[in-house]
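Chain and residue survey
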Amino acid sequence: MFSAFLGGVNMAVAGDAMSGISGEAIRKKSIAVFTEKMRVWAYLVWKKISKVGRDDPKIVIHSLKFGISLTLVSFLYLMEPLFKGIGESAIWAVMTVVVVLEFTAGATLCKGLNRGLGTVLAGSLAFLMEYIATTSGHVFRAVFIGTAVFLTGAVATYMRFFPYIKKNYDYGVLIFILTFNLITVSSYRVDNVLQLAHERFYTIAIGCAICLFMSLLIFPNWSGEALHNSMVCKLEGLAKSVEACVDEYFNNPEEQMKKVEPSEDPIYKGYKAVLDSKSTEETLALHASWEPRHSIHCYRFPGQQYVKVGAALRHFGYTIVALHGCLQTEIQTPQSVRALFKDPCTRVAAEVSKVLKELANSIRTRRHCGQELLSDHLHEALQDLNTAVKSQPRLFLGSNKNQATNMLAVAAAAATSGQKRDKKHSSAAVSLSSVKTDTSALMEWKNKRNSASDQSTEVERKSLRPTLSKLAITSLEFSEALPLAAFASLLVETVARLDLVIEEVEELARVADFKEYKPGDAVVVICEGSSKKLNSDTLHTHLPSNVGE
């Protein structure tokens, strides 16, 4: 970007030099151009940086909390009384803050408790090994320490591959291996290993305490709440995608042929967050299980049920992907045929979208869904679509008479083009008399082509190749209705898969003890994004990783 600025300045200077302007004027103008470009560049950078904070203010809060935590732990070095009491081991507290403090409270608790538990167990085992080793000779002590390091490292690493341990305590086992080796190996050269272990334990405890204080008491960001809000956003995104697909298919056919970047396509945005969320949901559910019961009922957070709801949403989202693909197919149904099914298809999409928004609103307000809102109108819309399809059977089940007529017309067009080439090669002609059925016409055409003269040129063969596929496609009277049939079938499939989503959301309401739905409750469906909307990309970016020390 900076090189582009210099290039623009050089071009301006060169143009002024050719026009005969004095050197002083050229210098002033180049400085003015450069200053303006730098001002624009600084504005763009600031706009991009501030956009991240506006999209998710929790990022700004977490950054400030991280900076304050590092400042507090640095006082162990900066303040003389604290440094004399702890010594150079204070660096472990700084490292603990950097490694343990995460974006959500659940992630911080998971890593902090894992780190503390691993340190305590490793220190206890190291003291036991040291006690046994000191009763033996110097040579046997070295052999014993080497054997203990080998066995402990091998067994602990093997245990890391157990599914339950890998899921919940992998970081703790890693810290256990690190701490045990540091204390055990150091004890061979350091006399007062007990003091070394105490200093390490105290500094890690101080670092973990600062992290937990900042995560749990200063503007806490709960993993369970983030998972809860993400489900609401995904349901609303799928609702918008369904309506947008149907609206574009029936009302904006010219938009289908335009190639839009996926990042700018509202349909793509709606289902992308759902399809890419599996690992994020599982990680948030795991971290939520570590969080304290901060609700008034103190129930265990149903993280695994949220994961099941996410799986049902992905299963539903695959049909939206297929619907979106119907907008870019090579063979498209004419607008006149689409108009016959516009109203029933639009109504089905509207009802599906309404159900998804109602499910989103029920999760947002933590209440059960209204059953009459989820079934009656949707079933009526399906019946209307079924009636519309049955009222136009000839579009999907063509007659043999019309099929033969279309076949003859296509074969005649192929024969006409062949007769023009007879002036050069009479053996390349296509006979109309042999056209009886689709299969016989295709087979005879292939036989004629195979028996053509060896003198036919490569250009002529290339010109004949599209004729076969065109003949096969156009001979199907209902080929133009096939895309519409596929689109309507996928729309019905969304209704079928919607039942699974409803079941999982109702199970979530039961497990999480949502309040019961009352007929008098006002149903407020929020369609637009709000400031509390969860950004899945942000969550994925700030998911913790097992960073070594």
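Here's what I pulled together on the structure shown here.

Definitions and limits used
- Residues numbered from 1 in each chain as written.
- Predicted model: local features only at pLDDT ≥ 70, side-chain atom pairs only at ≥ 80, totals over all residues.
- Heavy atoms only, no water.
- Helix = DSSP H or I, 4+ residues; strand = E, 2+ residues; numbered from the N terminus.
- Buried < 20%, exposed > 50% of the residue type's maximum accessible area, 1.4 Å probe, protein only.
- Phe/Tyr/Trp six-rings, centres within 6.5 Å; stacked < 30°, edge-to-face > 60°.
- Lys NZ or Arg CZ within 6 Å of the ring centre and 35° of its normal.
- Expected span 1.5 Å × (residues − 1).

1. Structural notes on unusual backbone geometry
One non-glycine residue, Phe 219, lies in positive phi territory at about 45°. Its place among the elements puts Phe 219 in the loop between α10 (193-217) and α11 (223-251). You can call Phe 219 exposed: its relative accessible area is 61%. The phi torsion at Asp 513 lies on the positive side, around 60°, for a residue other than glycine. For Asp 513, the position within the fold is in the loop between α23 (482-511) and α24 (536-541). Overall, Asp 513 belongs to the partly exposed group, its relative accessible area being 41%.

2. Things to note about the packing of aromatic side chains
With the rule as written, the count across this model stands at ten aromatic pairs. Relative to Trp 290, the ring of Tyr 169 lies with its centre 5.9 Å away and its plane at 80°, an arrangement referred to as edge-to-face. Within this pair, whereas Tyr 169 is found in the loop between α8 (163-168) and α9 (170-186), its partner Trp 290 is found in the loop between α14 (278-288) and α15 (303-326), the two being separated by 121 residues in sequence. In this structure Tyr 169 comes out as partly exposed when scored by relative accessible area, which is 29%. Each ring, one from Tyr 249 and one from Phe 487, has its centre 4.0 Å from the other, and the planes form 5°; the classification is stacked. Taken together, the residues Tyr 249 in helix α11 and Phe 487 in helix α23 connect sequence positions 238 residues apart. Joined through ring pairs, the aromatic side chains of Tyr 164, Tyr 169 and Trp 290 make up one cluster. For the cation-ring pair, Lys 111 lies above Tyr 171, with the distance from its terminal atom to the ring centre recorded as 4.9 Å.

3. So, α9
At 3.6 residues per turn, the α-helix brings residues three or four places apart onto the same side. Counted at 1.5 Å a residue, the expected span for α9 with its 17 residues is 24 Å, and the 24 Å between its end C-alpha atoms agrees. The complete set of buried residues in α9 reads Asp 170, Tyr 171, Gly 172, Val 173, Ile 175, Phe 176, Ile 177, Thr 179, Phe 180, Ile 183 and Thr 184.

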